[in-house]
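Here is how the chains run, residue by residue.
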Amino acid sequence: MNKTLILVVEDDAPIRNLITTTLKTHDYKYIIAPNGTCALMEASSHNPDIILLDLGLPDMDGVEVIRQVRTWSNLPIIVISARSEDSDKIEALDCGADDYLTKPFSVEELLARLRATKRRLAYMQTDTPGNDSVFTNGLLKVDFAAGCAYLGENELRLTPIEYKLLCLMAKNVGKVLTHTYITQNVWGSSWKGDVASLRVFMATLRKKLETESDSSQYIQTHIGIGYRMLKVE
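What you see is a predicted model; the values in this text were computed from it and never measured.

### A closer look at the confidence of the model for the protein
In step 1: This prediction gives the protein a mean pLDDT of 86; 90% of its residues lie at or above 70.
In step 2: Counting interchain partners and residues more than four positions distant, the pLDDT-below-50 stretch residues 127–131 has four contacts.

So, in structure tokens, the structure goes:
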């Protein structure tokens, strides 16, 4: 079985060494890039399975790396950054990041995020839908078989986490899903920071769903409990 190849983009040597030692210990292959220019070159030449990306790089902002990678690849990008404001997370996610881990982080959580990312990729590649392979709700359409979603005639550009969240909500339309249920199904665990991450991902998903062209409210927040997808006529 081929080992997962990780591109580690981090200019801080101690943190980079911590990450690469952890990866090596847990049977991952890795390549490193100390700046954004090198990261783009390594990503295009080695086609890694996952990118671990710091945002505070010496030559360019990590968000710009995300933007450039997304012009030619949908490979998973996990941001690892000291920037903890929701606005920073939303900007990175809007530009195409798949997950966001805030420094300082635990090695166990980093490994859990990697495992969850691998599971999401496998889920999207092998998930076999039942007879109802297309879900329709107002202008929203989710094609489970094709692994894509549309709002009217326009395909939604969703990250893997956003897509899995949307599928989970669609398959449970009308039901209130608790934070724990959602995080267990999306991340495979309920880490302390997962509810905060879930709030950010729901914000980015809503931004893509609830546009001016379709004023329908698809996702309802139940404060302190979770979220529910509403049935739109």
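That covers the picture; the talk isn't over yet.
### Things to note about unusual backbone geometry
In step 1: Between Lys103 and Pro104 the backbone carries a cis peptide bond, its omega angle lying at -5 degrees.
In step 2: For Pro104, the position within the fold is in the loop between strand 5 (99–102) and helix 5 (107–126).
In step 3: Despite not being glycine, Asp27 shows a phi value in the positive range, around 70 degrees.
In step 4: Summarising the element assignment, Asp27 is placed in the loop between helix 1 (13–25) and strand 2 (29–33).
In step 5: We note that Asn47 has phi near 45 degrees; this positive angle belongs to a residue other than glycine.

### Side note on the packing of helix 7 (residues 179–186) against helix 8 (residues 194–209)
Angle between the axes and distance between the axes: these two values describe a pair of packed helices.
In step 1: Relative orientation of the contacting elements helix 7 and helix 8 amounts to 85 degrees, with a least axis distance of 10 Å. Relative to helix 8, the element helix 7 is oriented roughly perpendicular. For the pair formed by helix 7 and helix 8, the contact residues are His179, Ile182 and Thr183 on the first element and Asp194, Val195, Leu198 and Met202 on the second.

Definitions and limits used
Residues numbered from 1 in each chain as written. Predicted model: local features only at pLDDT ≥ 70, side-chain atom pairs only at ≥ 80, totals over all residues. Heavy atoms only, no water. pLDDT = per-residue confidence, 0-100. Contact = heavy atoms within 4.5 Å. Helix = DSSP H or I, 4+ residues; strand = E, 2+ residues; numbered from the N terminus. Axes fitted to C-alpha atoms, helices over the stretch in contact; angles between N-to-C directions. Parallel < 35°, antiparallel > 145°, perpendicular 65-115°, else oblique.

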